[in-house]
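# Working through the structure, step by step
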Amino acid sequence: MASNNSENKMEKIVSLCKRRGFVFPSSEIYNGFPAVYDYGSYGVELANNIKIAWWKSMTQYRQDVVGLDSAIFMSPKIWEASGHVKGFSDPLTECRKCHSRLRLDSLLEEAGVFADEKMSEEEINEIFNQNKDKIKCPNCGAQDFTPGKSFNLLVKSNLGNFTGDWSKEPAYLRGETCQGIYVNYKNVLDSARVKIPFGIAQIGKAFRNEITARQFIFRTREFEQMEMQYFIKPDTQEKYYNEWKEARWKFYLDLGIKEENLKWHKHENLVFYAKEAYDIEYNFPFGFKELEGIHARGNYDLNQHSKFSGKDLTYLDPSDNSRFLPNIVETSAGVGRTFLAVLSDAYCEEGEGENFRVVLKISAKLAPVKIAVFPLLKNKPELVAKAKEVFDVLKFDWKCEFDDNGNIGKRYRRQDEIGTPYCLTVDFESLENNDVTLRDRDSMKQERIKIDDLAEYFKKNI
Ligand code: ATP
């Protein structure tokens, strides 16, 4: 039975991801490793396509943003300067019955009580005490919890801290990619031909000791971020903040995400240095949750790094010889969350009985495979050879898949499930007329098209 909004949509997506090689639980043959996931053959294609779309939108379609790839390991001083060593924490509680460790702010939120990860330990415990009767352990249902304690999210390593002025401090796996951008801001300024306003974009792994990591790839302990920091003159913050809000909203529409599944969430409880903060939320199967944060951060970051490093990070504006510490507008998105949003948005069940199908209506630009090529029959060498010929022509421009296994209907279903927008079938007529049947994923319409016209057709449609 087709049902697009059933409450078990999440289970269906997780199962499709495993079955069709999008996402696997980490270390599965060793009984798994919590809150870490691996991307399979179609998953890595989709994730790469998301990253390419983001990278192009930042560094290719505009002239004022340049790329960076900074290392995961950095001086521990950076995490002190950024405030992560002291303040990057979530409030943790433990269920006294089943000993599950849980995030107190999430428990309160689920019980309909406003709480924020940025509240102090005392503040959140006070709210917790006032609302104890409303809160149940999601695992065992008990209502007996330890008081909330701040739990630092930075992941420590034992990387060779033998000598140097950080010998007593641990090296961390970075908790966010943007610190690598702040500390390279001067290098970029001195080497790339950029002038304020300009941005630095980076895609890379980040690591957090997340307490509760449920909800599949939505919250993981190792994940990828796509972050852009835009350096501006202090009095221009409002203008650029609004421009970036608009640009980032449009990015998701360009990925093919339905606008009704997106909404803005304004942060009421701003950290002291922030001027403005909004999240773009997506309507995941478990409700509207953060997809990306867009923050006006003032000059906090450069100011901190300037203080802790002792280096002058001010900017001399050649247009009027003024000197200032740039302000920053940040856009920060997760690859995994975008991946899950794209799948949730695209997942459809259609038809009944024999005609039932699961189809991922992913935009052609993101689809892991763009074109599938089939010989009608696999035991007819002349059809197989012709289909291979078609495949060999198209493969240089588009990710194609060759499939000669099973009846055509089954092959269509397999491609529908992974979101392939076009299937081409080579039959006996093809040998005579040098054409193929082109089948469209969404409309399921079929038309004959000359092999010589395929490249033109796909250039237009993909
Ligand atoms: P949340 O409130 O959901 O914990 P956050 O506000 O801590 O998220 P940021 O620090 O602003 O998130 O990180 C920017 C982006 O990085 C998020 O919008 C999200 O897309 C992604 N992200 C953050 N933490 C995780 C995680 N544990 N797993 C997957 N993606 C993450």
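In short, a report on the structure.

The rules behind these values
Residues numbered from 1 in each chain as written. Predicted model: local features only at pLDDT ≥ 70, side-chain atom pairs only at ≥ 80, totals over all residues. Heavy atoms only, no water. Buried < 20%, exposed > 50% of the residue type's maximum accessible area, 1.4 Å probe, protein only. Helix = DSSP H or I, 4+ residues; strand = E, 2+ residues; numbered from the N terminus. Pairing = 2+ DSSP bridges. Near = heavy atom within 4 Å. Polar contact = N/O pair within 3.5 Å; in protein donor to acceptor, adjacent residues only side chain to side chain. Areas by Shrake-Rupley, 256 points an atom, 1.4 Å probe, with all protein chains shown as cover. Axes fitted to C-alpha atoms, helices over the stretch in contact; angles between N-to-C directions. Parallel < 35°, antiparallel > 145°, perpendicular 65-115°, else oblique. Contact = heavy atoms within 4.5 Å. Nonpolar A, V, L, I, M, F, W, Y, C, P; charged D, E, K, R; others polar. 1 Å grid on protein atoms, 1.4 Å probe; cavity = no way out; pocket = protein on both sides within 12 Å on 5 of 7 lines; lining within 4 Å. Points joined across faces, edges and corners; volume = space filled by probe spheres on them. Domains from an automatic or database assignment. Core = buried A, V, L, I, M, F, W, Y, C linked by side-chain atoms within 4.5 Å.

### Description of the pairing of strand β16 (residues 327–334)
Of all the 8 residues making up β16, 8 are buried; the element is thus mostly covered by neighbouring parts of the structure. What you see with β16 is no split at all: N327, V329, T331 and A333 on one side and I328, E330, S332 and G334 on the other are buried throughout. Alignment of strand β10 (residues 222–232) against β16, held across 8 bridges, turns out to be antiparallel. Among the inter-strand pairings, E227 is bridged to a residue of β16, identified as S332. Sheet analysis places strand β13 (residues 287–296) next to β16, joined by 5 bridges and oriented antiparallel.

### Focus: the site of the ligand
Around the ligand, a shell composed of 17 residues is seen, among which E210, R219, T220, E290 and S332 lie nearest. Within the side chain of R219, a nitrogen or oxygen atom sits 2.7 Å from an oxygen atom of the ligand. Contact between the ligand and L291: an oxygen atom at 2.9 Å from a main-chain N or O atom of the residue. Starting from 600 Å² of accessible surface for the ligand in isolation, the protein chains cover 89%.

### Focus on the packing of helix α2 (residues 41–59) against helix α11 (residues 335–346)
Their axes nearest at 10 Å, the elements α2 and α11 cross at an angle of 110°. The angle between α2 and α11 places the two elements in the roughly perpendicular class. Contacts between α2 and α11 pair G43, L46, A47, I50 and K51 from the former with V335, T338, F339, V342 and L343 from the latter. Residues that form the contact of α2 with α11 fall into these classes: 7 nonpolar, 2 polar and 1 charged.

### Overview of the layout of surface pockets
Space inside the second largest pocket adds up to approximately 530 Å³. If you trace the second largest pocket, you find 22 residues lining it, with I52, A53, K56, Y61 and K365 closest to the centre. At the level of elements, α2 and α9 (237–254) are the ones that each hand at least two residues to the lining of the second largest pocket. Here the element with the most residues in the lining of the second largest pocket is α2; it accounts for 7 residues. For the lining of the second largest pocket, the class distribution of residues is 10 nonpolar, 2 polar and 10 charged. Viewed by domain, the lining of the second largest pocket spans two of them, domain 1 (9–74 + 173–345) and domain 3 (369–461), each represented by three or more residues.

### What to know about the nonpolar core
Core analysis: the largest hydrophobic core is formed by 56 residues, its most contacted members being F22, Y252 and F339. In contact with Y252, other than residues within four places in its own chain, are I257, L262, I280, L291, E292, A333 and T338.

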